[in-house]
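Reading the structure
Spelled out, the chains give:
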Amino acid sequence: MTTKFSKSSNLTRRSLLRVGGGVLLSTPFVSRAWAQTTELNVLAWYGHAEPDMVAEFEATNNVKFVPKYYAGGDNMLALIAQSPPGTYDLILSDGEFVQQLNAAGYIQEMEAADYPFDDMLHPDFADFPGHWADGKLYSVIMRGGHLGVSFNRNAMTEEEASSYEGFWKPELKGKVGHFDWHLPTLGQMSLKNGNGAGLFDLSDDQWQAVQDTTMSLRSQVGGFFDYGGTFNGLKNGEMQAMVGIGDWITGALERDGAPVGSVIPREGGIQWTESYSIGVETEKADLCKKYIQYTMSPAGQVKSAQMLAYPGFCVTKAGRALLNEVDMVEAQRTGQVDGMANDPITLINEGRIHYRDVPKQQSLEDWNDFWSEYKNA
Amino acid sequence: MTTKITGKKHFDLYAMTWRLPIIIWQGMFFVGPIIFMIAMSFFLVQNYRMTEAFEFVNWEKMFSRGYFWDSYWHTVWIASLSTICAMCLAFPAAYALAFRASENTRRMAIFLLIIPFFSSYLVRTFSWFVILAESGVVNAALGWIGLGPFTMLNTTFGTLVGYMTLTLPLVVILQTLAMASVDKTLVEAAHNLGCKPFETIWRVIIPLAKTGLIIAAVFCFILSFGDFVAPFYLGGSQDPTLPILIIDTTKSGQQWPRAAVVAIMMMVTLFAVAFTGIALAYRKRSSS
């Protein structure tokens, strides 16, 4: 077999020099373009540095996000504590852990004027506990969501799910799952016991009562799961009700057509809040600021509401307005439309939502110890 | 050529040169980490950061907690159950490969048994979700004959299926190799002398293959005892084993020193099981 080359494809000395010279001359531009790509090390819950959230910003600003994902606030604190200073440029934290981040000196002061505080949907978001210290800003709320009773609509009615009592339904024996983190579950058990706004501020007697209530649920429990397991358990029907989660899991499944949902029960629900802070020793503070501004912009807020990993509600008025404009289905599904009964802001105003916190009168270790006992019971 | 053995030992630089890499390797990746882990069990955690100390508080804390002992005995029990299941399930296959199959078939079978190790254990475990779920393959098949659905995921059964995924191919290989090395003429002699098949297995084959069989059992126990994936994903953490307790301990509160206590207890147990197994495997039969 012979290969026939056309005359035009013959490589002459002149064409070789021309192509070679071109390549050589363009190399500095190519390498400079590559060299300018800045890596931004982000510590966050899963999904925050995935393409649906950051691709546009990466392309516009020649940035590459390098995420380190965690599950749970104490897991996040530990990752920072065990890493050399400056490892993480941008830190997404659960709202209740910002105070500890600040106390340990892991995050730097931010300039309030750089962020849209006058556009927040609720006054609490502008002055969230722990986000300010001595009049200085250390963190900006970026999104939130509510935890209540999450359930499979084929196994439970919305009426049954409107009280934490629903978890004790005899037909759900072995079908109640736990997201494997003590804070949301014990918080919900505290709400069931009627502790209301003081759900994390428990006296010894109240704490004992919460433990007793939780223990009484043990025979109903079919498993303890991480994010993926919780997702799978509800999706394949192995679990028909879940304690400690909310729309951040069922919302993603619902969008895929699964017959699941979450409601805020009569006893009240818990709000998870995610806030961005800038690492104290980062050399890329300006880029971090730019990204936080991007997430707080209307377009960034919509991206957050539509985040593939798990949805969260907008915290700015402009973000909500744009969501209503571009994705009314998602806005209505999550109650982010003015006047809807399940509007997250209305629920907060009605006092039905309490911000997740760390235990006030016990240590996290006490709660964790009980959690281990509970799992072994 | 004869080798003259003298009672006098002397330093052989050449031999030492060849031994040194394995000694360094063991020192760096086995002895060193163990010493560090033991030291770490006396450290303290303050503000999520480990600080060097020499306190017994972690040992006291873990040993005084009921959930630690519950996890410990549960792990011993479920790893033992896994070993018994794997040994029983593997034996017929290994026997057939050792005594009934041709040399070529045996070689091919061992190759096929090695193939699962080419893929990720985690992926193999996740594939069981499709099979064991209430709407999965097994329940669908059982539904055809009017049975089920049965809950298999997030149960001890699910955990055992995961353990079998991890250990069964290895146990079959080790049992096959152990039985293949049994002198066939002794088996034939037993038959010729009127020994029934099961009696031959019990009184001839098992005693002769004892060393390999015990090593297979020890490996199965060790792998099951330390496995995190099966009890977490297929067992739903319903009966927390010690590896799950380690994760829980480090995840919340970042109590690495307490996790080190659990890990040391696991190592002590595994050493005890391994040494007992080896002692049994190489124990000479008492002359009667």
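Note that this is a predicted model, so its numbers are computed, not measured.

About the thresholds
- Residues numbered from 1 in each chain as written.
- Chains lettered and ligands numbered in written order.
- Predicted model: local features only at pLDDT ≥ 70, side-chain atom pairs only at ≥ 80, totals over all residues.
- Helix = DSSP H or I, 4+ residues; strand = E, 2+ residues; numbered from the N terminus.
- Rg over C-alpha atoms; globule rule 2.2 N^0.38 Å.
- Buried ≥ 20, exposed ≤ 12 C-beta atoms within 10 Å, placed from the backbone.
- Contact = placed C-beta atoms within 7 Å.
- Nonpolar A, V, L, I, M, F, W, Y, C, P; charged D, E, K, R; others polar.
- Axes fitted to C-alpha atoms, helices over the stretch in contact; angles between N-to-C directions.
- Parallel < 35°, antiparallel > 145°, perpendicular 65-115°, else oblique.
- Domains from an automatic or database assignment.
- Pairing = 2+ DSSP bridges.
- pLDDT = per-residue confidence, 0-100.
- Expected span 1.5 Å × (residues − 1).
- Core = buried A, V, L, I, M, F, W, Y, C linked by C-beta atoms within 7 Å.
- Right-handed = clockwise from strand over helix to strand, strands pointing away.
- Arc of directions from axis to C-beta.

**A few points about the overall build of chain B**
For chain B, the count of helices and strands is 13 helices and two strands. Compactness check: chain B gives a C-alpha radius of gyration of 24 Å against a globular reference of 19 Å for 288 residues, more than 25% above the reference. Along the first, second and third principal axes, the C-alpha set of chain B runs to 75 × 75 × 40 Å. Classification of the 288 residues of chain B by burial places 32% in the buried group. In chain B, of all internal contacts separated by at least 6 residues, the share reaching a separation of at least 24 is 72%.

**Side note on the overall build of chain A**
Helix and strand counts for chain A stand at 15 helices and 13 strands. With the C-alpha coordinates of chain A rotated into their principal frame, the extents come out at 90 × 60 × 45 Å. Burial analysis of chain A (377 residues in total) assigns 47% to the buried set. Sequence-distant contacts, at least 24 apart, represent 73% of the contacts inside chain A between residues at least 6 apart.

**So, the interface of chain B and chain A**
In this complex, chain B contributes 25 residues to the contact, which on the side of chain A involves 26 residues. Mapped by element, the contributors of at least two residues to the side of chain B that touches chain A are α3 (66–100) and α12 (242–251) of chain B. Per-element accounting of the side of chain B that touches chain A gives the leading share, four residues, to α3(B). Here the side of chain B that touches chain A is composed, by residue class, of eight nonpolar, twelve polar and five charged.

**Looking at unusual backbone geometry**
Comment: phi is negative for the bulk of residues other than glycine, and the bulk of peptide bonds are trans. Residue and element names in this part refer to chain A. Phi angles above zero are rare outside glycine, and N62 is one such case at about 55°. Residue placement: N62 occurs in the loop between α2 (51–61) and β2 (63–70). Since 12 C-beta atoms lie within 10 Å of it, N62 is described here as exposed.

**Concerning the packing of helix α6 (residues 182–192) of chain A against helix α7 (residues 204–217) of chain A**
All names here are of chain A. One can describe the packing of α6 onto α7 by two numbers: an axis separation of 9 Å at closest approach and a directional angle of 105°. Relative to α7, α6 is oriented roughly perpendicular. Counting all contacts with α6, which are made through L186, M189, S190 and K192, the residues of α7 involved are V210, T213 and T214. Class assignment for the residues of the contact of α6 with α7 results in three nonpolar, three polar and one charged.

**As for the domain arrangement of chain A**
Residue and element names in this part refer to chain A. Along its sequence, chain A is carved into domain 1 (38–144 + 272–334) and domain 2 (149–267 + 356–376). With centres defined by C-alpha atoms, the gap from domain 1 to domain 2 works out at 26 Å. Taken together, the residues that form the side of domain 1 that touches domain 2 break down as five nonpolar, three polar and three charged.

**A few points about the sheet that holds strand β7 (residues 149–152) of chain A**
Adjacent strands of a sheet form backbone hydrogen bonds with each other and so pair up, either parallel or antiparallel. All names here are of chain A. In space, the five strands of this open sheet follow the order β9-β8-β10-β7-β11, with mixed pairing throughout. Pairing within the sheet leaves two strands with one partner each, and these edge strands are β9 (221–225) and β11 (260–263). Here the strands of the sheet are splayed against their neighbours by 25° on average, with no regard to which way each runs. Across four bridges, the pairing between β7 and β11 is antiparallel. Of the residues in β11, the one forming a bridge with S150 is S262. Seen against the sheet, helix α8 (residues 227–235) touches β7, β8 (176–179), β9, β10 (241–243) and β11 and runs at an angle of roughly 145° to β9.

**Focus: the confidence of the model for chain B**
Of the residues in chain B, 95% reach a pLDDT of 70 or more, and the chain-wide mean stands at 91. Both scores are available for the predicted complex, with the pTM at 0.81 and the ipTM at 0.78.

**Here's the deal with helix α10 (residues 210–226) of chain B**
All names here are of chain B. When the terminal C-alpha atoms of α10 are compared, their 24 Å separation across 17 residues agrees well with the 24 Å that a helix rising 1.5 Å per residue should span. Where α10 is concerned, the buried positions are G212, L213, I214, A216, A217, V218, C220, F221, L223, S224 and F225. Next to the buried residues of α10 lie α3, α7 (156–180), α9 (197–208) and α13 (256–281).

**Quick notes on the nonpolar core**
Residues and elements named next belong to chain B. With 56 residues, the main nonpolar core has V171, A216, A217, C220 and V262 as its most contacted residues. Of all the secondary structure elements, the ones that give two or more residues to this core are α3, α5 (121–132), α7, α10, α11 (229–234), α12 and α13. With eleven residues, α7 is the single largest residue contributor to this core.

**So, the confidence of the model for chain A**
Looking at chain A as a whole, the pLDDT averages 91, with 91% of positions reaching at least 70. Taken as a whole, residues 1–9 of chain A scores under 50 in pLDDT and shows one contact with residues more than four places along the chain or in a different chain.

**A closer look at the pairing of β2(A)**
Residue and element names in this part refer to chain A. With eight bridges connecting them, strand β1 (residues 38–45) and β2 associate as parallel partners. The partner of A44 across the bridge, within β2, is Y69. For the segment spanning β1, α2 and β2, crossover handedness is right-handed.

**Description of α8(A)**
All names here are of chain A. Listed as buried for α8 are G229, T230, G233 and L234. All buried residues of α8 project into a common sector of 125° when viewed along the axis, lining one side. At the C-terminal side of α8, G237 shows a positive phi close to 80°.

**Observations concerning the environment of A:S163**
Residue and element names in this part refer to chain A. Tracing the chain through its elements places S163 in the loop between β7 and β8. We classify S163 as partly exposed; it has 15 C-beta atoms within 10 Å. Each C-alpha atom of the pair S163 and S304 lies 29 Å from the other, and the pair is 141 residues apart in sequence. Beyond its immediate sequence surroundings of up to four residues, S163 is in contact with P265, R266 and E267.

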